[in-house]
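Chain residues, written in single-letter form:
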Amino acid sequence: MQEPIILPVGPIAANCYIVPGEGGGCAVVDPGGEAARIRRLLEEQGLTPKIILLTHGHFDHTGAVKELQEWYSCPLAVGAEDEELLENPPLSLGQGDRFCMKADRLLREGDTVECAGLSFTVLETPGHTRGGVCYLCSGVLYSGDTLFRGDCGRTDLYGGDWDTLRRSLRRLAELPDETRVYPGHGPSSDMGTEKRTNPTLSDPAV
Ligand SMILES: [Zn+2]
């Protein structure tokens, strides 16, 4: 498996992941801002986005979607319940037209997204937002703001719910220890480390 390219972007450093596939195609996970920087990197690597995958609809994960779609005409996929965040930017804390967008594909549990020889399986993991999803691709989990290294996402924004997030985290804890974890913010990890050290996964009282 080829490692994803990690590019922290935007005012609160959301991790944009570029996942190289076959034939110069790639998937872009959470292009949260700094579209020109993302494009420069894609050009340097000789990669063309074939799909944009959002882990959820918050503004800090979507800020470069519109420009990338203009440049590359690639479709946009998001968890079905987060469609409302894309269509109604104030709900995603986005300000302005560039945060108002239409998804081409609304994803549900167990869906697979195929592009450039890559296959992403959708896990519905609500709690941070109603439509939050994680993507599993070749033993790698793109966990968005559901699971961070040593922590989990906040639940005090629109659609957030702690009990729901806790259920989603318990479910992620069933993934094999060797699963690599690439979160929406901060450093990467693996499920074994998180199960041992992340109180939001390991402590039944949390
Ligand atoms: Zn978020």
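You'll find the structure just up there.
As a starting point, this report considers the structure included with it. (Residues numbered from 1 in each chain as written. Predicted model: local features only at pLDDT ≥ 70, side-chain atom pairs only at ≥ 80, totals over all residues. Heavy atoms only, no water.)

### Focus: the coordination of the zinc ion
Part 1 of the reasoning: Within the protein, the zinc ion binds to His56 (NE2), His58 (ND1), His128 (NE2) and Asp145 (OD); these donor distances fall in the range 2.2 to 2.4 Å.
Part 2 of the reasoning: Taken together, the four donor atoms coordinating the zinc ion and their angles of 88 to 173° define a geometry best described as irregular.
Part 3 of the reasoning: In primary sequence terms, the donor set of the zinc ion follows H-x1-H-x69-H-x16-D. Pair noted here: His56 is in the loop between strand 4 (48-53) and helix 2 (59-62) and Asp145 is in the loop between strand 10 (140-144) and strand 11 (147-148), with a separation of 89 residues, a long-range link.
Part 4 of the reasoning: Relative accessible area serves as the criterion here: at 6%, Asp145 is assigned to the buried category. (Donors = N, O, S within 2.8 Å, 3.2 Å for Na, K, Ca; no water. Tetrahedral: all angles 85-135°; square planar, octahedral: opposite > 155°, others 65-115°. Helix = DSSP H or I, 4+ residues; strand = E, 2+ residues; numbered from the N terminus. Buried < 20%, exposed > 50% of the residue type's maximum accessible area, 1.4 Å probe, protein only.)

### Re the layout of surface pockets
Part 1 of the reasoning: Considered as a void within the structure, the largest pocket measures approximately 170 Å³ in volume.
Part 2 of the reasoning: Here the residues of the lining of the largest pocket sort into six nonpolar, four polar and three charged. (1 Å grid on protein atoms, 1.4 Å probe; cavity = no way out; pocket = protein on both sides within 12 Å on 5 of 7 lines; lining within 4 Å. Points joined across faces, edges and corners; volume = space filled by probe spheres on them. Nonpolar A, V, L, I, M, F, W, Y, C, P; charged D, E, K, R; others polar.)

### Considerations on the packing of helix 1 (residues 35-45) against helix 3 (residues 65-72)
Part 1 of the reasoning: Interhelical geometry of helix 1 versus helix 3 gives an angle of 45° and a closest axis separation of 9 Å. In terms of orientation, helix 1 and helix 3 fall into the oblique class. Here the hand of the crossing between helix 1 and helix 3 comes out right-handed. Together, Ala35, Ala36, Ile38, Arg39 and Leu42 of helix 1 and Glu67, Leu68, Trp71 and Tyr72 of helix 3 make up the contact between the two elements.
Part 2 of the reasoning: Class assignment of the residues belonging to the contact of helix 1 with helix 3 gives a composition of seven nonpolar, no polar and two charged. (Axes fitted to C-alpha atoms, helices over the stretch in contact; angles between N-to-C directions. Parallel < 35°, antiparallel > 145°, perpendicular 65-115°, else oblique. Left-handed = near helix turned anticlockwise from the far one by under 90°. Contact = heavy atoms within 4.5 Å.)

### Notes on helix 5 (residues 162-172)
Part 1 of the reasoning: If you check which residues of helix 5 are buried, you get Thr164, Leu165, Ser168, Leu169 and Leu172. Here the buried residues of helix 5 occupy an arc of 140° about the axis, which is enough to place them on one side.
Part 2 of the reasoning: Sitting at the head of helix 5, Asp161 places a side-chain oxygen 3.5 Å from the backbone nitrogen of Asp163. (Arc of directions from axis to C-beta. Polar contact = N/O pair within 3.5 Å; in protein donor to acceptor, adjacent residues only side chain to side chain.)

### Re empty space enclosed by the protein
Part 1 of the reasoning: For the coordinates displayed, the defined rule picks out one cavity of 30 Å³ or more.
Part 2 of the reasoning: Of the voids in this model, the largest cavity is the one considered here, and its volume is about 30 Å³.
Part 3 of the reasoning: Every residue lining the largest cavity is listed: Thr55, His56, His128, Thr129, Gly132, Val133, Ser143, Asp145 and Thr146.

### A short note on the pairing of strand 7 (residues 112-115)
Part 1 of the reasoning: Burial along strand 7 is one-sided: the residues Val113 and Cys115 are buried and none of Thr112 and Glu114 is.
Part 2 of the reasoning: What sits between the antiparallel neighbours strand 7 and strand 8 (residues 118-124) is a turn of two residues, in which Ala116 has the positive phi angle 45°. (Pairing = 2+ DSSP bridges.)

### Some details on the environment of Leu86
Part 1 of the reasoning: Inspection of the secondary structure assignment puts Leu86 in helix 4 (residues 83-87).
Part 2 of the reasoning: Sequence separation between Leu86 and Thr62 is 24 residues; the distance between their C-alpha atoms is 8.5 Å.
Part 3 of the reasoning: Here Leu86 is in contact with Leu54, Gly57, Thr62, Leu76, Val78, Phe99, Cys100, Met101 and Ala103, once residues within four sequence places are set aside.

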